[in-house]
Number of protein chains: 2
Amino acid sequence: MPVPLVKESDVDVLVIGAGPAGLMCANGLAKAGINVRIIDQRSHEVMAGQADGIQPRTIEVLQSYDLAERLLREGNQMHMAAFYNPSPNGGIERTGRVADIKATTARYPFAVTLMNLNAKEGQAETEIVHAKFVVGADGAHSWVRKTLGIAMDGEQTDFVWGVVDIVPDTDFPDIRNKSAIHSNNGSCMVIPREGDKVRIYVQLTEKEDVDLRDGRIDKAKIGPEKLMQVARKSFYPYSISTKAFDWWTIYNIGQRVASKFSVDERVFVAGDACHTHSPKAGQGMNASMNDTHNLIWKLAYVLRGWADISLLKTYELERRKYAQELISFDKTFFCIVLWEASFRRPRRGGQPRRVPRSHASNLVIGQRVLPHVFTRAADGRPYELQDLLPADTRFKILVFAGDTTNKDQMQRVNALAEEFVHPNNFYAQFGGEEPSTMFDVLTICSAKKDQVNYTDLPAIFRTHWSKYVYPSLLS
Amino acid sequence: MPVPLVKESDVDVLVIGAGPAGLMCANGLAKAGINVRIIDQRSHEVMAGQADGIQPRTIEVLQSYDLAERLLREGNQMHMAAFYNPSPNGGIERTGRVADIKATTARYPFAVTLMNLNAKEGQAETEIVHAKFVVGADGAHSWVRKTLGIAMDGEQTDFVWGVVDIVPDTDFPDIRNKSAIHSNNGSCMVIPREGDKVRIYVQLTEKEDVDLRDGRIDKAKIGPEKLMQVARKSFYPYSISTKAFDWWTIYNIGQRVASKFSVDERVFVAGDACHTHSPKAGQGMNASMNDTHNLIWKLAYVLRGWADISLLKTYELERRKYAQELISFDKTFFCIVLWEASFRRPRRGGQPRRVPRSHASNLVIGQRVLPHVFTRAADGRPYELQDLLPADTRFKILVFAGDTTNKDQMQRVNALAEEFVHPNNFYAQFGGEEPSTMFDVLTICSAKKDQVNYTDLPAIFRTHWSKYVYPSLLS
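It should be emphasised that the depicted structure is a prediction, and the values quoted were computed from it without experimental measurement. (Residues numbered from 1 in each chain as written. Chains lettered and ligands numbered in written order. Predicted model: local features only at pLDDT ≥ 70, side-chain atom pairs only at ≥ 80, totals over all residues. Heavy atoms only, no water.)

Engineer: So, the overall build of chain A: which residues are in play, and what are the values?
Structural biologist: Looking only at helices and strands, chain A has 9 helices and 25 strands in total. For chain A, buried positions account for 49% of its 475 residues. Excluding contacts between residues fewer than 6 apart, the proportion of contacts in chain A whose partners are at least 24 apart in sequence is 70%. A total accessible area of about 23,100 Å² is found for chain A, and carbon and sulfur atoms account for 52% of it. (Helix = DSSP H or I, 4+ residues; strand = E, 2+ residues; numbered from the N terminus. Buried < 20%, exposed > 50% of the residue type's maximum accessible area, 1.4 Å probe, protein only. Contact = heavy atoms within 4.5 Å. Areas by Shrake-Rupley, 256 points an atom, 1.4 Å probe, with all protein chains shown as cover.)

Below, the structure written as structure tokens:
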């Protein structure tokens, strides 16, 4: 009798789960030239694949992988947020309307809602995959997390939300803005989507036959019409109705964070697999994608031998802290009335370290480079600095060359260039034959454009004509 | 014996020639729902399909057909222009460097060079096409023009240019800028292209074995190496060389305009078929595309019965005048030294008419709407006004509603709305059952954003939530 053959394969990184965190991870690793495999066992219960809001920092991150363009073109942009509260005359009234994104450093001062991107079911097949690293991005019910026996810490109470996607017929004046409605008859959130579609989140209570103790839902009693009926009570005196439902669901969610994000720096959990949030702050998917954005370059560096495996410890250090802060933020946010109070989102990647430096004092290690427009010296074309520093898993070297039209300064720049290329220096030592595979050198000068000749700069500081910029008038 | 059948077909418009003017025409007519057919008999001698520069106004026009995005993403943008003249020390020196586009009203303050888009040869086939209108966009040697016996007026002397596309190895500091080089040893133009490519135009004289009397060229004597050799003399003391030639050509061109642009408003000539220019001003292809941009909506209106056929007379009136002005401009431009003098490009579409109006006094009939950013009232998203007025062959109605948060003003707006929808008024009379197929209504108010509710405006002035804007802070 023939022995059935099981297919086997070897990869550097196996990513389990093709949701936002998993796809981000596999895409980034593939771009970095890593041997990566992504697998998914999609079932109909999974929320992933349905839309969610993309926050400004996440747009920046997607842009750094050259993935933001279609999102910006086709997604709905939310620029304004409105707040409705009980009116003394009954019903609700608007108590505030503000820019959705208040951070003055945001390159994209708006959030984006995505279209539905439905995944197709694949064929089941058995295969043994040998991997150096595994990333479990397999959602809130993560098989990876459960297999590793990692506990979820946090509140045990679940909240129950109903969600409908509709093309509304309404006289509600903020239907195209992100709106938080808090009435004496219930609470809703309005999230405008592509085209004329709107998503409405309806918070369900015991009044609507939901048993809140264990989040059990009697689905026979609650359908989309019932959700609209609950929503309508909050919208009064405004009317809202729809001819059809594009999609609807009811789900219960707790706010929890995994006790560990990795085991021995070999297996990692990311996204919903290690932290779950209520939908209100609209940060869940963003945190998930930024989890693996944090992990991609570290895995690439370790696999290339550029960094010790201990670098991977910083993943849990940074991302678990962030998830916890997000939940604290979310809890504050939960008091829907408090939306009006101005707030500060938690910082990404743990506490920044300020290193004593005399130059570029606003570049804080551990924080992103702030968006800023520079002009390329060779062709006078304005470029966003962030676009000159793509997420291409190379070390970025920024040379602040000062006023390159000043002769004394150019002597210093030339001296630095000589030192830079010295065989004993890091650039030659680590860069080897083709330093551009490891290092990307960008030179920023402070000279005025009329006098700059890009050819005057030492060749090492302009490895390509596009790598030399001066301050732009557009900034 | 069977009689061979010749295929026959009926179309509203037959476009002959799939170059820039023809493709623009066919695309615009197809978008307008017109039954259009485009044919082309491409031969290897045709320059069309090779790259050319796209000027700011043409980018605006392409954007109005939703065609600019890829161009802006992939094309090379020219932001700066440099001028080199004979140096007292021999060779050349830079005598000026300025923004390539000086017009302060330009939405895109740069020009773009296109990639090569090579067309494939098709199969020859005989067919009889019956068309209500014919557009001959079949190039400088136009079969349509010759068949109609239309003469080309203008200078009979041709100028001879050599062109090479190279990836240069050079110390010339403005190789990524549009550069005009005038030396005592010849003249060149540098046009940077996508990636690291550069196009160099070399003006040829009798010294280089060109017989200028009839533009005859001894191709055996002049190849790309010879062109580089001529160019190098102009570049001195800078060096320039290349390992390979992506493309090269030599061509002779006169500056001429057809005596007529149409016959009986049934057959039209457009683009190079009715006007040819030297390459220096980089306006030829732009004028060609704007020819058919001018014709598209007129043909659509006449075919739909919205306008009398005499409207088509304005095509020749406007575009022939423009072509003549362009040649006057080009002749001035020809004295390459004069590039440094600031200049004004001729206006598009003949003389604008100023109509006495108390409102919107800066909207000049016959001129384009100037670029300006507004904010949509419903969702606070900034939008370029030009993008709210796409080239969709509908009449655009701009309602300037004033301060819509003022009660007295809103009474006037409501009164106007009532008059607007009155059955005796043009909107109902011409618009019929579905006025939106003929009219696009956009309302611009002057109110401050905090107080605007888009639902307060009469429904006729907000036929869709996106059609109501207020001034943006970004402008």
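Further notes follow.
Engineer: How would you sum up helix α5 (residues 224–235) of chain B? Please name residues and give values.
Structural biologist: Residues and elements named next belong to chain B. End to end, α5 covers 16 Å across 12 residues, agreeing with the expected 16 Å (1.5 Å per residue, within 8%). The complete set of buried residues in α5 reads Pro224, Leu227, Met228, Val230, Ala231, Ser234 and Phe235. One side of α5 holds all its buried residues, which, seen down the axis, span an arc of 160 degrees. Check the buried side of α5 and you find it contacts β6 (92–99), β10 (159–170), β11 (178–183), β12 (186–192), β13 (198–203) and β16 (240–253). (Expected span 1.5 Å × (residues − 1). Arc of directions from axis to C-beta.)

Engineer: Account for unusual backbone geometry, with residues named and values stated.
Structural biologist: When glycine is set aside, most residues are seen to have a negative phi, and most peptide bonds are trans. Residues and elements named next belong to chain A. At the junction of Tyr236 and Pro237, the peptide bond is cis and its omega measures out at 15 degrees in the coordinates. Relative to the helices and strands, Pro237 is located in the loop between α5 (224–235) and β16 (240–253). The residue Asp264 is not glycine, and still its phi comes out positive at about 55 degrees. Within the element layout of this structure, Asp264 appears in the loop between β18 (262–263) and β19 (267–269).

Engineer: Can you tell me about the nonpolar core, naming the residues and giving the values?
Structural biologist: Residues Val13(A), Ile54(A), Ile59(A), Val135(A) and Leu299(A) are the most contacted members of the largest nonpolar core, which totals 51 residues. Split by domain, the residues of this core number at least three in each of domain 1 (1–52 + 119–151 + 259–340) and domain 2 (77–114 + 156–253) of chain A. Those residues in contact with Val13(A), other than ones at most four positions away along the chain, are Leu29(A), Ile34(A), Asn35(A), Val36(A), Arg37(A), Phe133(A), Val135(A), Leu299(A) and Leu303(A). By size, the runner-up hydrophobic cluster in this structure holds 50 residues, among which are Leu14(B), Tyr65(B), Ala68(B) and Phe110(B). (Core = buried A, V, L, I, M, F, W, Y, C linked by side-chain atoms within 4.5 Å. Domains from an automatic or database assignment.)

Engineer: So what's going on with the relation of the copies chain B and chain A? Residues and values would help.
Structural biologist: Mapping chain B onto chain A calls for a screw motion: a turn of 180 degrees about the axis and a shift of 0.0 Å along it, with 0.0 Å RMSD after fitting. Both copies are brought into coincidence by an operation consistent with a two-fold rotation axis. Measuring from the rotation axis to each C-alpha of chain B, the shortest distance belongs to Glu69(B), at 5.2 Å. (Least-squares fit on C-alpha atoms with pLDDT ≥ 70 in both.)

Engineer: Could you give an account of the pattern of salt bridges, naming the residues involved and the relevant values?
Structural biologist: All told, the structure shown has 52 salt bridges over all chains when counted by the stated rule. Between Arg193(A) and Glu194(A) there is a salt bridge, and its shortest N-O distance comes to 3.8 Å. The same class applies to Arg193(A) as to Glu194(A), namely buried. Of the charged contacts, one joins Lys396(A) and Asp392(A) as a salt bridge, the two residues approaching to 2.5 Å between their closest N and O atoms. Using a relative accessible area of 25% as the deciding quantity, one classes Asp392(A) as partly exposed. When salt bridges with common partners are traced through the structure, they connect Glu69(A), Arg70(A), Arg73(A), Glu74(A), Glu69(B), Arg70(B), Arg73(B) and Glu74(B) into a single cluster. (Salt bridge = Lys/Arg side-chain N within 4 Å of Asp/Glu carboxyl O.)

Engineer: Lay out the interface of chain B and chain A with the relevant residues and their values.
Structural biologist: Accessible area lost upon the coming together of the parts serves often as the stated size of an interface. Taken residue by residue, the interface counts 32 residues in chain B and 32 residues in chain A. Carbon and sulfur atoms supply 40% of the area that chain B and chain A bury against each other, a total of about 2,600 Å² over both sides. Looking only at chain B, the three residues that lose the most surface to chain A are Arg97(B), Arg176(B) and Arg381(B), adding up to 20% of its buried area. Where chain B touches chain A, the interface holds 2 salt bridges. (Buried area = accessible area lost by both parts, 1.4 Å probe.)

Engineer: Now, about the pairing of strand β6 (residues 92–99) of chain A: what can you tell me, with residues and values included?
Structural biologist: Residue and element names in this part refer to chain A. For strand β5 (residues 80–86) and β6, the ladder comprises 7 bridges, and the chain directions are antiparallel. Counted as the bridge partner of Tyr84 is Arg94 from β6. If you look at the hairpin formed by β5 and β6, you'll find 5 residues sitting between the two strands, and Gly90 has a positive phi there, around 90 degrees. (Pairing = 2+ DSSP bridges.)

Engineer: Tell me about the packing of helix α1 (residues 20–31) of chain B against helix α6 (residues 284–304) of chain B, and name the residues and values.
Structural biologist: All names here are of chain B. At a minimum axis separation of 8 Å, α1 and α6 run at an interaxial angle of 25 degrees. Our classification of the angle between α1 and α6 gives roughly parallel. At the point where α1 passes α6, the crossing takes the right-handed sense. Contacts from Pro20, Ala21, Met24, Cys25, Gly28 and Leu29 of α1 reach α6 at Met285, Ser288, Met289, Thr292, His293, Ile296, Leu299 and Ala300. For the contact of α1 with α6, the per-class residue count stands at 10 nonpolar, 4 polar and no charged. (Axes fitted to C-alpha atoms, helices over the stretch in contact; angles between N-to-C directions. Parallel < 35°, antiparallel > 145°, perpendicular 65-115°, else oblique. Left-handed = near helix turned anticlockwise from the far one by under 90°. Nonpolar A, V, L, I, M, F, W, Y, C, P; charged D, E, K, R; others polar.)

Engineer: Describe the environment of Leu71(A), naming the residues involved and giving the relevant values.
Structural biologist: All names here are of chain A. Positionally, Leu71 belongs in helix α3 (residues 68–74). Judged by relative accessible area, which is 9%, Leu71 ranks as buried. Distance from Leu71 to Ile59, taken between C-alpha atoms, is 8.4 Å for residues 12 residues apart in sequence.

Engineer: I'd love a proper account of the sheet that holds strand β2 (residues 36–39) of chain B, names of residues and values included.
Structural biologist: Residue and element names in this part refer to chain B. What the 5 strands build is an open sheet, ordered β2-β1-β8-β19-β18; its pairing is mixed. Both outer strands of the open sheet, β2 and β18 (262–263), are each paired with one neighbouring strand and no more. Judged from the 3 bridges that link them, strand β8 (residues 127–136) and strand β19 (residues 267–269) form a sheet pairing that is parallel. If you follow Val135 over to β19, its bridge partner there is Phe268. Where α1 meets the sheet, it contacts β1 (7–16), β2 and β8, and its direction lies at approximately 160 degrees from that of β2. The sheet contacts of α6 involve β1, β8 and β19, and relative to β8 the element is tilted by about 115 degrees.

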